[in-house]
Structure formats: structure tokens, C-alpha cells
Amino acid sequence: MRHSLQCGAAVLGGLLSTCAIAGSPNYEAQGRRPASGRIETPGYVFEYGAPPGLSASAEWHYMVDADEPRTIALLAGVKGMDSYALSVTYKGAVEAGQSALDVATKIHPGVTFAASTVNPACVTTAPNSPIELDRTMVSFHAICVDAAAHAVYEIGYSWNSLFLLSKGLATLTEESGACASQKRQDPSVSCEDFVGSFVTAYRDALGGLTFIPRK
């Protein structure tokens, strides 16, 4: 359901902004994290990369749910200009026999998910085409199931940008594709593949989630 995706991204986006929905994480700031690194929680290891479109030295603001240490968020950029929110959210226990697709359909009815090619435990929204939440924000979402621990997680990666507001997602996607094509032919070409870099960052994040084996 578009409403739940949009509100979930908004909760992150403007600590970003506010969006009152039942069960929203109670995030507490944990300081800054380097552009890329590794986070270990009681349920999984998450290897994350640098926020796309920002400098290699950009840092993430790291946050953890005060009530659930398996729910984390990373925030980077400038609010209202160009910002990113990457999160892993513990969604609860999965019933025996339920697949990630079963769970995704239940949590987000009306949103299309398909098996991930980079993480077999997950299903994802279209991995090459972000969902347009509003005129300034797009996002990717995945539902992942730790079958051994019977636990469900959601990965969300949102991008809020004035480029989206000024050009629109369709135009920006077209320009990004043209830029990527030009750079393949001539790496010295000066242009920005905004959408392509976001797609790559999401795929890397999705592939960076590894569940901790149960003893």
C-alpha cells in the first residue's frame, strides 16, 4: 500500500519529517558512521556503502530504535536539498511456511514484489526503478525473511532531492540513462547518473544484509 511506504520513508526522511503511523520506530541518535562500513545487531550483519551522489567523505547519521536494537537507520545529506535514508526494520516473527513474498504481500498489499537477485532471503520492489512517493522523494523496499530465526525485516532506501522536484522522475531517469551510456563509451564525459547511482546503492545495500546463524 502506497500510504505505508510513503509514511515509512517520511519517518526516516526528515527526522527528516514526521508521519504518525502505528509501530513507528523510536529512533535514538548513535553518532556518525563513516561513508561505508559494517553494523552488527543481535539478528544480522549489515554491510553498507557510501550514500550515492555525495562525496566519498560523507558521513551517515546512525540511529537505532530505543526499543528494538534490530531496527536501525542511516541518514545522510542535506534536508530539503539532496538526502538519503537507509533503514533495516525488524517487523516481527514470521509464521511457519510463509515466504518473503507472502509476508511482503501482507505488509504492503497492492505493491509488487519479486525475488531479489542479490539476496535470496529477500523480495524487492522493482530493483531498477524506484517508487515515486511524492514530487521530491523516491524509494526502494525489500522484505527479507530469516527462516532459521523466524524473523522478518524490511529494508528501505529513500532519496529526497530537488532534482526530482525540478525535473521529475521520468525525465531524470531518461537523462541518467543517457549519461550512463555516454560514460560507457567515454569515461571522461562529464554528466551525472543520479538514478543509476541510487539503483546501484540499493542493490549493494540489499546484498549487504546477512543473517547471523543460530547456534
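Residues numbered from 1 in each chain as written. Predicted model: local features only at pLDDT ≥ 70, side-chain atom pairs only at ≥ 80, totals over all residues. Heavy atoms only, no water.

Student: Would you mind going over the overall build of the chain in detail, with residue names and values included?
Tutor: The helix and strand inventory of the chain stands at five helices and twelve strands. Evaluated residue by residue, the chain yields a buried proportion of 47% over its 215 residues. Across the chain, contacts joining residues at least 24 apart in sequence account for 58% of those joining residues at least 6 apart. Carbon and sulfur atoms form 53% of the exposed surface of the chain, whose accessible area is close to 10600 Å². (Helix = DSSP H or I, 4+ residues; strand = E, 2+ residues; numbered from the N terminus. Buried < 20%, exposed > 50% of the residue type's maximum accessible area, 1.4 Å probe, protein only. Contact = heavy atoms within 4.5 Å. Areas by Shrake-Rupley, 256 points an atom, 1.4 Å probe, with all protein chains shown as cover.)

Student: Now, about the state of the cysteines: what can you tell me, with residues and values included?
Tutor: Following the criterion strictly, the structure yields two disulfides and no others. What links to what in the chain: the bonded cysteines, counted in sequence order, pair as 1-2, 3-4. (Disulfide = S-S within 2.5 Å.)

Student: Summarise the pattern of salt bridges; cite the residues concerned and give the values.
Tutor: A full pass over the atoms with the stated rule returns five salt bridges. The residue Lys-91 makes a salt bridge to Glu-154 at a minimum N-O spacing of 3.7 Å. Remark: Glu-154 occurs in strand β11 (residues 151–161) and Lys-91 occurs in strand β6 (residues 82–93); sequence separation between them is 63 residues. Judged by its relative accessible area of 9%, Glu-154 falls in the buried class. (Salt bridge = Lys/Arg side-chain N within 4 Å of Asp/Glu carboxyl O.)

Student: Any details on the pairing of strand β2 (residues 37–40)? Residues and values, ideally.
Tutor: Of the pairings in the sheet, the one linking β2 to strand β3 (residues 44–48) comprises four bridges and is antiparallel in character. Note on β3: the bridge partner recorded for Glu-40 is Val-45. As consecutive antiparallel partners, β2 and β3 are separated by three residues. (Pairing = 2+ DSSP bridges.)

Student: Now, about the environment of Leu-164: what can you tell me, with residues and values included?
Tutor: Here Leu-164 lies in helix α3 (residues 162–167). Sequence-wise, Leu-164 and Met-137 are 27 residues apart; in three dimensions their C-alpha atoms are separated by 7.2 Å.

Student: Could you give me a rundown of the side chain of Asp-82, with the residues and numbers involved?
Tutor: Note on placement: Asp-82 falls in strand β6. No salt bridge is formed by the buried Asp-82, whose closest oppositely charged neighbour, Lys-167, lies at an N-O distance of 12 Å. Discounting chain neighbours no more than four positions away, the residues touching Asp-82 are Leu-54, Ala-76, Gly-77, Trp-159, Asn-160, Ser-161 and Phe-163. (Lys, Arg positive; Asp, Glu negative; His and termini not counted.)

Student: So what's going on with helix α4 (residues 169–185)? Residues and values would help.
Tutor: Its 17 residues give α4 an end-to-end C-alpha distance of 25 Å, which sits within 8% of 24 Å, the value for a rise of 1.5 Å per residue. Among all positions in α4, only Leu-169, Leu-172, Ser-176, Cys-179 and Ala-180 are buried. For α4, the angular spread of the buried residues around the axis is 100 degrees, confining them to a single face. Within α4, the exposed residues directed more than 90 degrees away from the buried face are Ala-170, Glu-174 and Gln-185. Of the surrounding elements, those touching the buried residues of α4 are β9 (131–132), β10 (137–146), β11, α3 and α5 (194–207). (Expected span 1.5 Å × (residues − 1). Arc of directions from axis to C-beta.)

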